[in-house]
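# Coordinates in review
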Amino acid sequence: MDQMHVEGDLDLDQTLYSEAEIVTRLKEMATQIESDYEGKDLLLVGVLKGAVMVMADLARSLDRHVEMDWMAVSSYGSGTQSSGVVRILKDLDTDLSGRHVLIVEDIIDTGLTLSWLITNLRSRGPASVEIATLLRKPEAQRMDVDVKYVGFDIPNAFVVGYGLDYDERYRNLRCIGTLSPHVYS
Ligand code: 5GP
C-alpha cells in the first residue's frame, strides 16, 4: 500500500523513510553482517509480526546462506505502550545450541521486550546472540543491551508502516511514517 491510500484519512503526520531509503539502509546493514559472520552459520530470528518486512528485505540483501525462524511474543501492552511483561505465543522450531543467532526486530522503544527475549534465547546455549533492528527510539539508547545493527535512530513518536501497525492496520504501508495523534488518542 502506498501513502496516497492513507493520506485521504489524514492518518499520517509525516513520512520518515521511503521504501527506497529503507531498502538502501538494509543493504548497508547486510554488507556489515556478511563481513561480521564470514565463515559462520547464521540463524535469523524474526519477531512476529512487525519484523516480517525487515526480515524479508534484510534476508534477501544477504549474499550468503542464512536460516530463518520466527517467534511471536506478546508484551501485554495496550494501545501505544509496551509493558515489558512478555508471553511466548509462538516459539522457535530451531534448537539454538551452538548457533549464531541474530534477532531481527522492527523497532526498539523501551527495550523491555528485547531484554526479555535476549535472556530467554541466551539460556538455550547459542554460540552468540546479537540484535539487528531497523528502528530505535531514544529511550532504547539508554538500555544496557548492546544493539549491534541499527537502521535508523528516530525521534520519540509512534510510527507505522513497513510491518509496524496501529491496531493491526498500516503494516502493509510501504513507507514508515508518524501517526497523527488523533488516530490513537
Ligand atoms: P519495547 O518493549 O522496546 O518498548 O517495544 C517493543 C514493541 O513495541 C515493538 O516490537 C513494537 O511492537 C511496539 N512498538 C514500540 N514503539 C512502536 C511504534 O512507534 N510503533 C509501532 N507500531 N509499534 C511500536
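Our subject is the structure that appears above.
Remember, it's a predicted structure, so these values are computed and weren't measured experimentally.

It is worth spelling out the side chain of R99 at this point. Note on placement: R99 falls in the loop between β4 (87-90) and β5 (100-108). A residue is classified by how much of its surface remains accessible, and R99, at 12% relative accessible area, is buried. In this structure R99 touches D41, L42, L43, E67, T94, P126, A127 and S128, once residues within four positions along its chain are discounted.

The end-to-end C-alpha distance of helix α2 (residues 19-36) is 26 Å, a good match for the 26 Å that 18 residues give at a rise of 1.5 Å each. Residues of α2 that are buried: I22, L26, M29, A30 and I33. End-on view of α2: buried residues confined to an arc of 110 degrees, all on one side of the axis. Residues of α2 that are buried in the fold lie against β1 (12-17), α3 (52-61), β5, β6 (128-136), β7 (149-153) and β9 (176-179).

Looking now at unusual backbone geometry. At the junction of L48 and K49, the peptide bond is cis and its omega measures out at -5 degrees in the coordinates. Position of K49 relative to the elements: it lies in the loop between β2 (43-48) and α3. One non-glycine residue, Y170, adopts positive backbone phi at about 80 degrees. Its place among the elements puts Y170 in the loop between β8 (159-160) and β9.

On to the sheet that holds β6. What the 6 strands build is an open sheet, ordered β4-β3-β2-β5-β6-β7; its pairing is mixed. Single-partner strands in this sheet number two, and they are β4 and β7. Averaged over all neighbouring strand pairs, the angle between strand axes comes to 30 degrees, with direction disregarded. In the packing of α2 onto the sheet, contacts are made with β5, β6 and β7, and the angle to β7 comes to roughly 155 degrees.

Quick look at the pattern of salt bridges now. Pairing is possible between side chains of opposite charge, provided their charged atoms come close. One pass over the full model with this rule turns up 14 salt bridges. E67 serves as the salt-bridge partner of R99, at 3.2 Å between the closest nitrogen and oxygen. In this pair, R99 sits in the loop between β4 and β5 while E67 sits in strand β3 (residues 67-74), placing the two residues 32 residues apart along the sequence. Notably, a salt bridge pairs R171 with D165, separated by 3.5 Å at the nearest N-O pair.

So, about the site of the ligand. As a structural note, the neighbourhood of the ligand is formed by 16 residues, with T110, T113, K137, V159 and D165 the closest of them. In this structure, D106 approaches the ligand through a side-chain N or O atom, which is 3.4 Å from an oxygen atom. Here an oxygen atom of the ligand sits 2.9 Å away from a polar atom, N or O, in the main chain of D109. Its free accessible area being 500 Å², the ligand has 86% of it covered by the protein chains.

Rules used throughout
Residues numbered from 1 in each chain as written. Predicted model: local features only at pLDDT ≥ 70, side-chain atom pairs only at ≥ 80, totals over all residues. Heavy atoms only, no water. Helix = DSSP H or I, 4+ residues; strand = E, 2+ residues; numbered from the N terminus. Buried < 20%, exposed > 50% of the residue type's maximum accessible area, 1.4 Å probe, protein only. Contact = heavy atoms within 4.5 Å. Expected span 1.5 Å × (residues − 1). Arc of directions from axis to C-beta. Pairing = 2+ DSSP bridges. Axes fitted to C-alpha atoms, helices over the stretch in contact; angles between N-to-C directions. Salt bridge = Lys/Arg side-chain N within 4 Å of Asp/Glu carboxyl O. Near = heavy atom within 4 Å. Polar contact = N/O pair within 3.5 Å; in protein donor to acceptor, adjacent residues only side chain to side chain. Areas by Shrake-Rupley, 256 points an atom, 1.4 Å probe, with all protein chains shown as cover.

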